[in-house]
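# An overview of the molecular structure
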Amino acid sequence: MKTLKATLIIAFFMAWMPFTTQAQQGEVTLEFTNAATALELVQNYTKALQAGDVAKMDAQLHRDVMVYGLGGALDSLTKAQHKEYYTTSTNQFKHTLSNELYLPVKVTNNWNEGEWVLSWGVNTVTDKVTGKSIRIPYHTATKVVDGKIATMNYWYDMLNILTQQGYEVKPPAN
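## Focus on unusual backbone geometry
Unusually for a residue other than glycine, Asn 99 sits at a positive phi of about 50°. Tracing the chain through its elements places Asn 99 in strand β4 (residues 93-108). When its relative accessible area of 58% is taken as the criterion, Asn 99 is described as exposed.

## A short note on the nonpolar core
Among the nonpolar cores identified, the biggest contains 22 residues, and Tyr 45, Val 67, Tyr 86, Ile 149, Met 152 and Tyr 154 are the most heavily contacted of them. Among the secondary structure elements, those contributing two or more residues to this core are α2 (35-51), α3 (54-59), β2 (61-68), β4, β6 (133-145) and β7 (148-156). Apart from residues no more than four positions distant in its own chain, Ile 149 is found in contact with Leu 41, Tyr 45, Gln 60, Leu 61, His 62, Val 65, Thr 142 and Lys 143.

## Points about the environment of Thr 130
Among the secondary structure elements, Thr 130 is positioned in the loop between β5 (114-127) and β6. For the pair Thr 130 and Phe 93, spaced 37 residues apart in sequence, the C-alpha separation works out to 9.9 Å. A polar contact of 3.2 Å, which involves the side chain of Thr 130, links it to the backbone nitrogen of Lys 132.

## Brief notes about the sheet that holds β5
If you walk across this open sheet you meet the seven strands as β1-β4-β5-β6-β7-β2-β3, and the pairing is mixed. Strand pairing shows two members of the sheet lacking a second neighbour, β1 (27-29) and β3 (76-77), which therefore form its edges. Docked against the sheet, α2 engages β2, β4, β5, β6 and β7, running at close to 165° with respect to β4. Of the strands in this sheet, β2, β3, β4, β5 and β7 touch helix α4 (residues 79-92), which is tilted by about 150° from β4.

## Looking at the packing of aromatic side chains
Summed over all chains, the structure comprises one aromatic pair. With a centroid separation of 5.1 Å and 90° between ring planes, the pair formed by Tyr 85 and Tyr 86 is classed as edge-to-face. The exposure class of Tyr 85 is partly exposed, given its relative accessible area of 30%.

## Some points on α4
End to end, α4 covers 20 Å across 14 residues, agreeing with the expected 20 Å (1.5 Å per residue, within 8%). Those residues of α4 not exposed but buried are His 82, Tyr 86, Ser 89 and Thr 90. Taken down its axis, α4 places every buried residue within 90° of arc, on the same side. Exposed and facing more than 90 degrees away from the buried side of α4 are Ala 80, Glu 84 and Asn 91. On its buried face, α4 is in contact with α2, α3, β2, β3, β4 and β7.

## Concerning the pattern of salt bridges
When their charged atoms lie close together, side chains carrying opposite charge are able to pair. The tally for this structure, following the rule as stated, stands at three salt bridges. In this structure, Lys 79 and Asp 58 form a salt bridge, with 3.9 Å as the shortest nitrogen-oxygen distance. A residue pair is termed long-range when its members are at least 10 positions apart, and Lys 79 in helix α4 and Asp 58 in helix α3 qualify at 21 residues. Classification of Lys 79 by relative accessible area gives partly exposed; the value is 22%. Assessed through its relative accessible area of 15%, Asp 58 is described here as buried. Residue Lys 106 pairs with Glu 115 through a salt bridge whose shortest N-O separation is 3.9 Å.

Conventions we followed
- Residues numbered from 1 in each chain as written.
- Predicted model: local features only at pLDDT ≥ 70, side-chain atom pairs only at ≥ 80, totals over all residues.
- Heavy atoms only, no water.
- Helix = DSSP H or I, 4+ residues; strand = E, 2+ residues; numbered from the N terminus.
- Buried < 20%, exposed > 50% of the residue type's maximum accessible area, 1.4 Å probe, protein only.
- Core = buried A, V, L, I, M, F, W, Y, C linked by side-chain atoms within 4.5 Å.
- Contact = heavy atoms within 4.5 Å.
- Polar contact = N/O pair within 3.5 Å; in protein donor to acceptor, adjacent residues only side chain to side chain.
- Pairing = 2+ DSSP bridges.
- Axes fitted to C-alpha atoms, helices over the stretch in contact; angles between N-to-C directions.
- Phe/Tyr/Trp six-rings, centres within 6.5 Å; stacked < 30°, edge-to-face > 60°.
- Expected span 1.5 Å × (residues − 1).
- Arc of directions from axis to C-beta.
- Salt bridge = Lys/Arg side-chain N within 4 Å of Asp/Glu carboxyl O.

See below:
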């Protein structure tokens, strides 16, 4: 019985070892050389969105930018697709951001290594024709490379948007 207990304890610790060593490899810091410029870059992007200035938004993007999660899409968007998406969106809607919070972080020695700006807020989208508004809480993670936005990850609740537009969710029939 002692051997069984000892074996189980050793097996437990061996199973958890990869998780603890992997978690200790990456390092995150809030203080790094480019923190202020990365923050300013992302804030310029959001100010341009609120102004409906797609050209200025586009100017903040790296030529090889990849944008994920925009429009509820599972796919990625290129720089040209991002510009097309926001040209359509800003023609139809006014975007007003509030409750904004930005956090520049630098990750080293990990799969997501780089200089990032994490942001949270509420995007109130108002239809220019009907005047109807929808509040969309969001979170973005933006990677900055060479002074430009290289990766953007959007997260927001699509179900929230649909229900605010009057759509209903019904349980499946048994």
